[in-house]
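Survey of secondary and tertiary structure
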Amino acid sequence: MAKADPRTAALLRRAAVHAIAYRGAITKRLQRPVQSYSEALAAWDMPTPPRGRANRAVLDELVRRADPGLHATTGPRFYGWVIGGSHPAGVAADWMTSAWGQNAGNHHAAPAAAAAETVSSRWLLDILGLPAKASVGFVTGATMANFVGLGAARAEVLRRAGWDLEANGLFGAPHVRVLLGRDAHVTVQAALQYLGFGQRQIVVVDTDAEGRMRVDAAKAALGAGKGPCILALQAGQINSGAFDPFRRIIPLARAAGAWVHIDGAFGLWAKAAPARAHLAGGVELADSWATDGHKWLQTPYDCGFAIVRDPEAHRRAVAFGASYLPPVTESERDPTHYVPELSRRARGFAAWAMLRHLGRAGVADLVERNCQLARLIAGGVAKEPGIAVVNKVVLNQVVLRFGGDVPTKIGDELTQRTIARLQQDGTCFAGGSRWRDR
Ligand SMILES: *Cc1c(COP(=O)(O)O)cnc(C)c1O
């Protein structure tokens, strides 16, 4: 190996030593940050530095300042929210990504980064059982993936109605009906708002006890109007882990001429595990999908995938040209043509490394093991007096309520106090949520 300038080499080696020490001690840390945000802010706070500092001293200072405010989300007893573990294979690739410093906007500036994206997007579609010809944008997360997928939906349903959105804009366009399940993730609504759809314009479709869209309600909503229409469905409800009945609803939507978008931030990965794939059966019939790399695939933050069946509709929504940039073509895939950014991190390297490391079988095992452990936890705690499991544990989500089988206000308070004590204790970490008004 060629020798780097000794000071650079020492700095990068030192960063590796810090990182190894952190990861090595992860099981010994409390499963919560030692500092709250306000404590962390007080500890970080200082006036604008009048002069610089040597980079090694900056690194040590960064590590010293950050440590008490770090949340051990990469540790084995972290069960909070839906947060991935930043797998070492992905972290190592991510270090290389930073060291290489590629601007992964286009394949002229960064051929390797663009190639890694192209190949890992093929693997991704294969593992998730989605159409091989679909296009994939490597975005920051499912929020932006929802934004891109719904952006493609918006332009395409308007185009089919004879309206050129790119030329004419949204003001004065034909009305687009947007149907969304009652238990959709908030980021879908956020994405719709970024795209010019106000909250009151969205038709909320009823769901069942597990948060799945009701087929009769979907049918009624689809039939209640004419013209351009977008239906957003969900693979993996954030609390219950439930899936909308794709096989029954998507054909109805197609018959009504609607574009179907799926928020599958984590749930889409059920398709990768043979014993779980049936949960997401029919999801492949949709027009666009949003999912994350930094959740179930365990890439480091951040990484999400915006997937669109029709690559042309995908590019039309987000691609742009400029005199100094290469033209938009299909054969020469440019990463920027599938995302809302030009200059961007080469997320394909870490995604490639995770898929290469795990392979199809490794992804399947990872998902299946998580689901089995969720069921084991649910089965174990359900035996304890005063604890109720309130969702059907089909995937990796377990919702618990404390204070007896019948939901009460006192039980709600006890649940909140239990969460607070559990988090304070720091042996493991779990988060609270509001589910079915409790
Ligand atoms: C996490 C999540 C999102 C948002 O994804 P980000 O990666 O945080 O942007 C959207 N939908 C569901 C169901 C999620 O779990």
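Residues numbered from 1 in each chain as written. Predicted model: local features only at pLDDT ≥ 70, side-chain atom pairs only at ≥ 80, totals over all residues. Heavy atoms only, no water.

**Quick word on the site of the ligand**
Lining the immediate environment of the ligand, one finds 13 residues, of which T143, D263, D292, H294 and K295 sit closest. Within the side chain of H185, a nitrogen or oxygen atom sits 3.4 Å from a nitrogen atom of the ligand. In this structure, H294 approaches the ligand through a side-chain N or O atom, which is 2.8 Å from an oxygen atom. Coverage of the ligand by the protein amounts to 85% of the 380 Å² it exposes when considered alone. (Near = heavy atom within 4 Å. Polar contact = N/O pair within 3.5 Å; in protein donor to acceptor, adjacent residues only side chain to side chain. Areas by Shrake-Rupley, 256 points an atom, 1.4 Å probe, with all protein chains shown as cover.)

**With respect to the domain arrangement of the chain**
Segmentation of the chain into domains returns domain 1 (6-30 + 33-70), domain 2 (96-355) and domain 3 (360-430). The straight-line distance from the C-alpha centre of domain 2 to that of domain 3 is 30 Å. Contact with domain 2, which involves 25 residues of that partner, is made by 18 residues of domain 3. Where domain 2 packs against domain 3, one counts 2 salt bridges. (Domains from an automatic or database assignment. Contact = heavy atoms within 4.5 Å. Salt bridge = Lys/Arg side-chain N within 4 Å of Asp/Glu carboxyl O.)

**Thoughts on the packing of aromatic side chains**
Applying the stated criterion across every chain yields a total of 7 aromatic pairs. Relative to F305, the ring of F138 lies with its centre 5.2 Å away and its plane at 90°, an arrangement referred to as edge-to-face. Taken together, the residues span a long stretch of sequence, with F138 in strand β1 (residues 135-139) and F305 in strand β7 (residues 304-308) at a distance of 167 residues. Members of the aromatic cluster, connected to one another through ring pairs, are F78, W81 and F429. Against the face of W435 rests R436, its NZ or CZ located 4.1 Å from the ring centre. (Phe/Tyr/Trp six-rings, centres within 6.5 Å; stacked < 30°, edge-to-face > 60°. Helix = DSSP H or I, 4+ residues; strand = E, 2+ residues; numbered from the N terminus. Lys NZ or Arg CZ within 6 Å of the ring centre and 35° of its normal.)

**Side note on the pattern of salt bridges**
Enumeration according to the criterion identifies 23 salt bridges in this entry. A salt bridge links D183 to R436, with the shortest nitrogen-to-oxygen separation between them at 2.8 Å. Separated by 253 residues along the polypeptide, D183 in the loop between β2 (177-181) and α8 (186-194) and R436 in the segment after α13 (409-425) bring together distant segments of the chain. For D183, a relative accessible area of 10% puts it in the buried group. Judged by its relative accessible area of 35%, R436 falls in the partly exposed class. Shared partners join several salt bridges into a network, and the residues in it are E156, R159, R160, E312 and R316. (Buried < 20%, exposed > 50% of the residue type's maximum accessible area, 1.4 Å probe, protein only.)

**Quick notes on the nonpolar core**
In terms of nonpolar packing, the biggest core is built from 54 residues, with L233, I262, W269, F305, I307 and V363 touching the most fellow members. Of the residues forming this core, the biggest block, 8 residues, is contributed by helix α12 (residues 347-382). Residue assignment places this core across two domains, with domain 2 (96-355) and domain 3 (360-430) each supplying three or more. With residues near it in sequence (within four places) discarded, I262 still touches N146, L233, Q234, A235, F246, I250, V283, A286, S288, W289 and A290. Among the nonpolar cores identified, the runner-up in size contains 32 residues, and V139, V178, V308 and V339 belong to it. (Core = buried A, V, L, I, M, F, W, Y, C linked by side-chain atoms within 4.5 Å.)

**Details of the packing of helix α1 (residues 6-24) against helix α3 (residues 55-66)**
The N-to-C vectors of α1 and α3 enclose an angle of 15°; their axes lie 10 Å apart at closest approach. The angle between α1 and α3 places the two elements in the roughly parallel class. Of the two possible hands of crossing, α1 and α3 adopt the one that is right-handed. Of α3, the residues touching α1 (which contributes L11, R14, A15 and H18) are N55, R56, L59, D60 and V63. For the contact of α1 with α3, a count of residues per class yields 4 nonpolar, 2 polar and 3 charged. (Axes fitted to C-alpha atoms, helices over the stretch in contact; angles between N-to-C directions. Parallel < 35°, antiparallel > 145°, perpendicular 65-115°, else oblique. Left-handed = near helix turned anticlockwise from the far one by under 90°. Nonpolar A, V, L, I, M, F, W, Y, C, P; charged D, E, K, R; others polar.)

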